[in-house]
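Secondary and tertiary structure notes
Here's the letter readout for the chains.
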Amino acid sequence: ASGGGASDKAKVRDLAKKVAANTAKCVKAAPTDKRTFVEGAQGAGANAKELAAEVDKLAADTADPAQREALRAAAAKVRQGVVDTVGAGKKRLANPNDAAAQQAVQKGGGDTARAVKELLAAVDNALADGAGAGGAPSVEQASKNLNDKAQQVEAIIDRVNDQLAPTSQAREAAPVTGAVSPADLEGTAEDVLRHIKQLRAHPDKTPREVADDGSDLHEVADKFAKQLEARGRQVPNANEQQKLGGAARDVKAANADTNKATNDYLKQPGQPTSATLGRELDKMEALVRATMDQVKPKLTMATGETAYAPGSGHAMPAHVTPKHVKEAAEQMKRDNADVKRAAELSPAELADAAHTTSGDAARLGALLDKLGADTDHAGLRGALAGHKERLDDANRDLIDAAQAHINDPSDPDVARRLAAATAEVDRVADDIIADVAPVDALQRGAASGARDVTPAQLERTGNEVLDREKRLLGHPDMTPAEVVAAANDASQKAAQFGDELRARAKQVQNPETRAALAKAADDIDRANDAQVAATRDAVLGGPRDAAARKRLDDADKALAERTRAILDEVCPRVRAERDATPHAGHVSPADIERQGNACKAALRKDNALTAPERATPKQLAAAADGAFRDIDKLERMLDAMEGQDDVSPGTKAKIKAAKARLHDADDRLAELANDALALGPEAAAPRKALVDHVADTEALIDKIIDDVKPRAEVAQSRGGTGAKVAPRQLAELGRQVQAAANDVKASKADPNALAKKTDAASKLAAQFGDAVADRANAETRPAVADALKRAQPKIDAANRRMVAASNALSAKPKDAKAQQEVDAAAQALIDTVQDVLDTVNPKPKMASSQLKQRGDLAKAKPVTMAQLERDAKDAADAVREVKKFREKASPKATAKDAEDASRALAAFGDDLATRAAQTKNPRTRKALVDAARRMHKHNPALLAATEKYLDDPDSAATQDDLDGICDLILADIADTMAELRPTVAIAPSGNYRSTGRAPSGDELAELGERVKVDCTDIENGMANMTPKELAAAGQKALGDADDFRAALADAKHPKEAALIAQRNKELERALNDALAEPEDAARQAALKKACEAMRAAVDEVLGRVRPRVAVASPDAVQLGAKPVTPDDLAASCAAVIKAADETQKFKSKPVAATAADADDLSKKAARYAAQIKKLAEQTPNAAQKKRLMDAYHDLVDANEGAVAAANDYLGDKDAPARQRALDDACENVKRAARAALEAAAVDHGDDAAALRTDLLCIARTTLSSKIVHQDMEHFATLAVDAVLRLRGSTNLDLIHIIKKQGGSIRDSFLADGFLLEKSIGVGQPKRIENAKILIANTAMDSDRSKLHGVKVRTDSTAQVAAVEDAERQKMLAKCRAIVDHGVNVFINRQLIYNLPEQFFADAGVMAIEHADFDGIDRLARVTGGEIVSTFDHPERVRLGTCKLIEEVMIGEDSLIRFSGVPQTEACTLVLRGATTHLLDEAERSLHDALC
């Protein structure tokens, strides 16, 4: 026995070490290494299972029941530790960020290690006792065993005492370092209150928990006290320092009292000590809260509801007036001043000040609301609402800023924020007062210090007073601020009016007038004072004070009435009212003369207008009114005379002009009279102006009387006016003179008309003479200036001769000689004017085209390019000569140059048109025709610009125009020749720029394709291109080819770059040759050949540097007449997949190899698709045909996508996106290939026999390469039978596989129901019908409660027995709770030891212990039950059921079979075999077949 025990001990130790090592591996690998974790978990589980078996054997050989139970309990702990570690590790792997799971892993590992140590100790004890039983133990061994037992008992007692009688430790917090903010204090205070709340629950906690809570509270309260002390040392306010220090002392004292009360409770739990502890906690909580209220008080904003609430000490007035609002705003400003001293206040003082100001703001807001409700003025109501909103915002900002200052008074930003908030409160208060009760701004107008006041000034000021009074009368619709502003304006203007009245009184000489003015000034002052007082009362009284409003209206009206009376007395005005009635009857010149004399008499009546300084204002106004009416009558008479038929047109014109002058004179008379009245008799200037105007009016009347008789007068030339005259203006004026002279010759029969026409012609001639003189003075060309100076006297002489002849004819209308003299004089004037015009403003003549003289242009003499170039040069030279117009001596030279240029342009245009007719290329012909048309259009434009310049040579605009047209023609000539004879040269086009990296294949292909397109465009279009278009296309091709060459060089392809460069030079030569002679067929052929050579070179180069893959078409695949078989499809599918796999190795291959792989893949996919299509055509089933065609199209699309992705990759093999795209495209081809193969399959789901045959084929195929292939039929049948039992379900968990060593592999069989590899307990039923099964995972392996860290101090072994008995009762209670579920079968994942096993046997319950993890999970699903861990609520537990449970024998092993389970699909495959290796391989093979 001793030898056997030693052997068992070594094996147990070895297994225990393996368990510990594998568990440690799980703990280490749990965060990241899943593979290592799985290996460790599997090893630990297997080792733990084997360890439990060895411990069971050892326990069976142990005679002492206590040691036997200790061994089993220790083994169960080891097994439970492994289970906890593995379970927590799985959670950790599923969620690497789960810190709780990681802690559980570490805890499980520690528990397992401790359990292993306990197990080894128990093994040592058992072996020691066994040795004693085999032979007499020594005294030393017995003593050692006794001491070990005593130490164990003592340790248990210590743990129990520590659990039952703990103490609260007065732990001190760490010293406070650094600054302490109110926020820090607040956080610590919340921790204190939280721990107080935890300790208040002490009646419901264990002593250990109460002790821990008390220790935690003491530590955090000590930290709070130390923070208060540190804060007290930081604040500058001495009062606050003292308060914080006292609070710290109070907290420390309360902390000590609380800790003492906690320990008293722990020593003697009961109501008295509990009540004492509660009171101490209440005191500490109140102290902490009061301290925080002092350190960091909480501020709340006052609202309108609380401002005037009962008990607030404030009452809302029944009728709110602006006065109430003003007083409330001023009070808020006074209280706000205390908040501004925040730096000098403690937090509590600042809180009081902020609360007071907030209450003021809330009351003020309530007053604003009520005042707004009382007013009918929408603007004021809106303003009050706006102020209320601003006030609420300012109140809120003030409270927030004050709270922030309390929280962190050292922050300068917070201080600035509080300062801004208080300033905003003051601003809002000031704005409210300014809008609601701005009476402080109400002012009585001050003295203006007026001096030297005129009546006009008095009248103006009086009218301004009336305007302001009228505005003030609208006060019911104004806001208070508007009323005050209007009243101030009116008062100031009234005060100014009074001052001006006094100043005017001092200026006048008449005593009575002086007294009247002084009295008026006093009246105005009294009315002004009354109005100001009434305004104050009305503003303060508010909108509901009707009496105050009426007093304001009365005062306003009284001031306005007195002002009007004063103005009427001292400021009379001339009314100047015209009579709109037309004059009746015929008006003769005599009537005009009589009325004119009456007007002159009225102007001199009483000498009031000729000596206004001696007249009174009323006399002056009356005289002006009389004269105005008489002149108005004369004007109406002239108007009537103008409409009479017997009045000549000349006279009518004079009358019309006279009327206008007379009308203006009449208006001016009234105006000057009013000016004299306005400025008073002491103003000399207006009097003199009036007297002068009277004299002018009399002269005007005399002239009107004289103008009734027609006669002509000579308009004298003044020898120039100094004006700047252009030749064009001179020519226009000359033509007007000539036309007027012709009119004179045509008017000889009518004296009146003759006089009129002669006057007009004379005036024009005089103007023309002045213009000639001005032009002569301004002329810079000496010859022209001398000619003009000689012409000016001739013009004056001709003018005088014409007027004299006209007047002579008017005196003797029938005299023939006089008539002849008029004609001769007028003609002489015309000729003289023409001589001047020919000298100053010549007109160049335009050359015409000669195309008509050439006849048929196509048959005319050919025009060569050299001839066109000579024509272009001649035309350009002639235009450049015109451009020198500023250097010419005379206008005639400029005109001649313009004519020469006109001839050259016409010749150039004709040659262009002839060349166009002889050109075969329609585009070139159109360009030539367009150029010819432009040249012919330039001709008149050049002459027009020259004429404009000759009309006004001094004008910068005409010079610029002529310059511009010359430049335009020159540029057009140059552009035309450039278009007809362009050249090209090799130069980069800019489409490619070197970036320091090699360009991709796509970039090279793009550049090469551009070159090919350019060459194709040249070949296809050169027959229809103009030379310019051909040059542009050629330049583009040369540039793109040079870019392609540069890109090839950057891509490290020097040979290819050299080839492109050579072909580019050849193309350049061919292009320039063709452009030199566009019509030459040989040169066009050479250009075409060069383009073809360039395209061939590009194709050759791209074939080397950028291969492409073509999509293989299924239609091009030849399959023959043989039908397509499934084997063909399978082989083609495999070939496609293999080709796709090969293509996916592109990263390790060169571009050419990848292109070959992609081409091979495309061809195989095309063949596979052709086979699918042919199979679809062979298939009679319409549904399957549709599936096959869909698969065909998907495969074709995938093939095209793969080729496109391959080409993209070949274009830029280094692009990660293109690499991924090619890889994805290959995967897509493989998926499409597999899907096509699946589409070719036939569904036998409705044919059971066919389905079974198909399944057997599949199973045989799967098993053909496995170790069981010799018994393939047997295992295929087992797999198919098991799968068919699932009835279409895919839940393979219903198929349970059990491996039992022994027998032959052919002895494997399929069993109904479920087999569990366990045995039924001793003394329990071996067969149960209609079983009710409770499946659990709970600890049933020990009769001792697991109280970790508990010490039990006892005085006798009897007390130890009492503890053990309590533990037994606890286990029995759990067993009764299980039986109370009404079950007759109990299956536990963990061990079931003796006591519960015996209880279940007595109760007739079949108990199955230590069911394996996988088996019990599958059993719960099969029987319809659930795995539970607690048994307090039987109604919530779902029990499993089955018809029969019985123990069966398979080989030498007993198993438990569950028959008639709810999941009828469930079955068990029992594998038999000679070796475990054979069984494992058979299981893997069968698993593959099932899947």
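Throughout what follows, the structure given in this document is the object of discussion. Keep in mind that this is a model prediction, so the values were computed, not measured. (Residues numbered from 1 in each chain as written. Predicted model: local features only at pLDDT ≥ 70, side-chain atom pairs only at ≥ 80, totals over all residues. Heavy atoms only, no water.)

1. Re the overall build of the chain
The condition that has to hold: Numbered from the N terminus, helices here are DSSP runs of H or I no shorter than four residues, and strands are runs of E no shorter than two. Note on exposure labels: buried denotes an accessible area under 20% of the residue type's maximum, exposed denotes more than 50%, and partly exposed covers the range between, all computed with a 1.4 Å probe on protein chains only. Every residue pair with non-hydrogen atoms within 4.5 Å of one another is taken to be in contact. Residue exposure ignores everything except the shown protein chains as possible cover, and the areas themselves are Shrake-Rupley values with a 1.4 Å probe. When charges are counted, neither His nor the chain ends are considered; positive counts come from Lys and Arg and negative counts from Asp and Glu. In plain terms, the charge of a residue is placed at NZ if it is Lys, CZ if Arg, CG if Asp and CD if Glu.
Of regular secondary structure, the chain possesses 45 helices and ten strands. Here the C-alpha coordinates of the chain stretch approximately 190 × 115 × 60 Å along the principal axes. By residue count, 46% of the 1491 residues in the chain fall in the buried class. Of the contacts made within the chain by residues no fewer than 6 positions apart, 78% connect residues no fewer than 24 positions apart. Carbon and sulfur atoms make up 51% of the accessible area of the chain, which amounts to about 72,600 Å² in all. Across the chain, the mean location of the 215 positive side-chain charges is 3 Å away from that of the 236 negative side-chain charges.

2. Quick word on the nonpolar core
Applied cut-off: Here, nonpolar core refers to any group of buried Ala, Val, Leu, Ile, Met, Phe, Trp, Tyr and Cys residues whose side-chain atoms link them within 4.5 Å.
Judged by nonpolar contacts, the single largest core of 45 residues is most densely connected at I1333, I1387, I1445 and F1458. Ignoring any residue separated from it by four or fewer positions in sequence, one finds I1333 in contact with V1383, V1385, I1387, T1423, L1439, G1440, T1441, C1442, I1445 and F1458. If you look at the next biggest cluster of nonpolar residues, it comprises 40 residues, including A351, A361, L364 and A421.

3. So, the packing of aromatic side chains
The following threshold applies: Only rings of Phe, Tyr and Trp enter the pairing, Trp through its six-membered ring, and a pair is recorded when the two centres are within 6.5 Å. The plane angle decides the type: under 30 degrees is stacked, over 60 is edge-to-face, the rest tilted. Geometrically, a charge over a ring is one whose NZ (Lys) or CZ (Arg) sits within 6 Å of the ring centre while staying within 35 degrees of the ring normal.
Inspection of every chain in the model, using the stated rule, returns five aromatic pairs. Relative to F1400, the ring of F1399 has its centre 6.2 Å away and its plane inclined at 75 degrees; by these criteria the two rings are edge-to-face. We classify F1400 as buried; its relative accessible area is 0%. Positioned above the aromatic ring of Y1393 is the side chain of R72, whose terminal nitrogen or guanidinium carbon lies 5.3 Å from the ring centre.

4. Focus on the side chain of N47
Counting through the fold element by element, N47 comes out in helix α2 (residues 34–60). If near-sequence neighbours (up to four positions away) are discounted, N47 is found in contact with L15, K18, V19 and N22.

5. Focus: the pattern of salt bridges
Formally: Should a side-chain nitrogen of Lys or Arg be within 4 Å of a carboxyl oxygen of Asp or Glu, the pair is scored as a salt bridge.
Within this structure, the stated rule accounts for 93 salt bridges. The partner of D360 in a salt bridge is R363, and the shortest N-O contact between them spans 2.5 Å. Of this pair, D360 and R363 are both found in helix α12 (residues 347–374), three residues apart, which corresponds to roughly one turn of the helix. Judged by relative accessible area, R363 falls into the buried class, the value being 14%. Measuring nitrogen to oxygen at the nearest pair gives 3.1 Å for the salt bridge that ties D823 to K748. In this pair, D823 is assigned in helix α26 (residues 816–840) and K748 in the loop between α23 (727–746) and α24 (751–778), connecting sequence segments 75 residues apart. Connected through shared salt-bridge partners, R578, D579, D632, E635, R636, D666 and D667 make up one network.

6. Things to note about the state of the cysteines
Quick note on the threshold: Cysteine sulfur atoms are paired as a disulfide whenever they fall within 2.5 Å.
Enumeration over the complete set of coordinates arrives at zero disulfides. C1091 provides the cysteine sulfur closest to C1015, a residue in no disulfide bond, and the two sulfurs are 4.7 Å apart.

7. Focus: helix α32 (residues 1001–1021)
We apply this condition: Here, expected helix span is obtained from the residue count minus one, scaled by 1.5 Å.
Counted at 1.5 Å a residue, the expected span for α32 with its 21 residues is 30 Å, and the 30 Å between its end C-alpha atoms agrees. Buried within α32 we find G1001, L1004, A1005, L1007, G1008, V1011, K1012, D1014, C1015, I1018, E1019 and G1021. Each element contacted by the buried residues of α32 is listed here: α33 (1027–1050), α34 (1054–1076), α35 (1081–1105) and α38 (1182–1211).

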